[in-house]
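Structural overview for review
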Amino acid sequence: MPTEFTPVSALLGGALIGLAATLLYALLGRIAGISGIVNAAVEQRGERGWRVAFLLGLVIAATAWLAYTGAPPRTGFGSGWLIAAGLLVGFGTRLGNGCTSGHGICGLARLSKRSLVAVLVFMGVAFATTYVLRHVLGGIA
Amino acid sequence: MKRIAFALLAGLLFGLGLAVSGMTDPNKVLNFLDLAGRWDPSLALVMGGALAVTLPGYAWLRRRGCSYDGDALPPAPSPRLDPRLLVGSALFGIGWGIAGYCPGPALANLLHAGEALVFVAAMLAGSQLARVLAR
């Protein structure tokens, strides 16, 4: 499904994400890596409170905005593809210790070489995966 | 209590940012990843917009040396590259490239799109699998 290039909302939304990450670092001394926060919120009893609050805030604000604008984001992928993708994202972000936010935003902001390499690898592999699925195999949705 | 309130505020801003930027729509993410299709460069500007705030913000905090409450900042990231980082990032890239969901946008869709629920459940399972297998 084609989507339009939306430079203004992309920059504005990105700045809000950056502001959130900066606030978390400034006020709590914590990195806003979503995969890490989710894992620790599930597994660590101590220090669970702020993580649960952060994740609740994320879900509430996004849900409210999507309801307000009436956006229906659906890919139409079957459950098999969603499960495969979810397993890979969960497994990969645990093994690689970060995702788009942790490595891509916070890691780069910390000038981390590990994060730069991680971003280049996951971006490159994601470009290749989408190419193969859409242009070699003809799309999965 | 103050930490909880600050974290909630940061989470609200993060979720709002994801939704405003359009990154909650997996189609938009996939169309960024699809260089050979009708390319939508929006995701690059989301990253750019975020880094425009975090780069100076983090640099200022590093000079300051501690958080607002005087908490130590996380130690400087290790420069060490290892197979786990490379393999993990590559597997994440495959999963991201399949469905266009990474952890933040998937959670943002949790109450909005039923498919995100399936994805997030699988994501939690995958993470636990890695925790057990790759100790």
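Residues numbered from 1 in each chain as written. Chains lettered and ligands numbered in written order. Predicted model: local features only at pLDDT ≥ 70, side-chain atom pairs only at ≥ 80, totals over all residues. Heavy atoms only, no water.

1. Description of the overall build of chain B
Within chain B one finds six helices and zero strands. Tracing chain B from N to C terminus, the helices and strands come up as α-α-α-α-α-α. Projected onto its principal axes, the C-alpha coordinates of chain B cover approximately 45 × 40 × 30 Å. Considering chain B as a whole, with its 135 residues, one finds that 53% of them fall into the buried category. When contacts within chain B are restricted to residue pairs at least 6 apart in sequence, those whose partners lie at least 24 apart make up 41%. Accessible surface computed for chain B: about 5600 Å², of which carbon and sulfur atoms make up 71%. Seen as two clouds, the 11 positive and the 7 negative side-chain charges of chain B have centres 11 Å apart. (Helix = DSSP H or I, 4+ residues; strand = E, 2+ residues; numbered from the N terminus. Buried < 20%, exposed > 50% of the residue type's maximum accessible area, 1.4 Å probe, protein only. Contact = heavy atoms within 4.5 Å. Areas by Shrake-Rupley, 256 points an atom, 1.4 Å probe, with all protein chains shown as cover. Lys, Arg positive; Asp, Glu negative; His and termini not counted. Charge placed at Lys NZ, Arg CZ, Asp CG, Glu CD.)

2. With respect to the UniProt feature "transmembrane region" (unreviewed entry) in chain A
Residues and elements named next belong to chain A. Under the present numbering, the feature "transmembrane region" (unreviewed entry) in UniProt falls on residues 6–28, 49–71, 77–95 and 116–137. Across residues 77–95 one finds 89% helix and 0% strand; the C-alpha atoms that close the span lie 26 Å apart. The span residues 116–137 is 95% helix and 0% strand, and its two end C-alpha atoms sit 30 Å from each other. (UniProt positions renumbered as here; feature names shortened; annotations may be inferred.)

3. Here's the deal with the interface of chain B and chain A
Counting from both sides, the interface comprises 106 residues of chain B and, opposite them, 105 residues of chain A. On the chain B side of the contact with chain A, B:Phe14, B:Tyr58 and B:Ile98 bury the most area, a combined 8% of that side's loss. Scanning the region where chain B abuts chain A turns up five salt bridges. A salt bridge links B:Arg3 to A:Glu47, with the nearest nitrogen and oxygen atoms 3.6 Å apart. (Buried area = accessible area lost by both parts, 1.4 Å probe. Salt bridge = Lys/Arg side-chain N within 4 Å of Asp/Glu carboxyl O.)

4. As for unusual backbone geometry
Residue and element names in this part refer to chain A. With a phi close to 60°, Asn-97 is a non-glycine residue in the positive phi region. Along the chain, Asn-97 turns up in the loop between α4 (79–96) and α5 (102–109). Accessibility expressed as a relative area gives 59% for Asn-97, which makes it exposed. In this structure, Leu-111 is a non-glycine residue whose phi angle is positive, near 60°.

5. Remarks on the confidence of the model for chain A
Overall, the predicted model of chain A reaches an average pLDDT of 93, with 99% of residues at or above 70. Mean pLDDT values for the elements of chain A range from 94 in helix α2 (residues 34–43) of chain A up to 97 in α4(A). (pLDDT = per-residue confidence, 0-100.)

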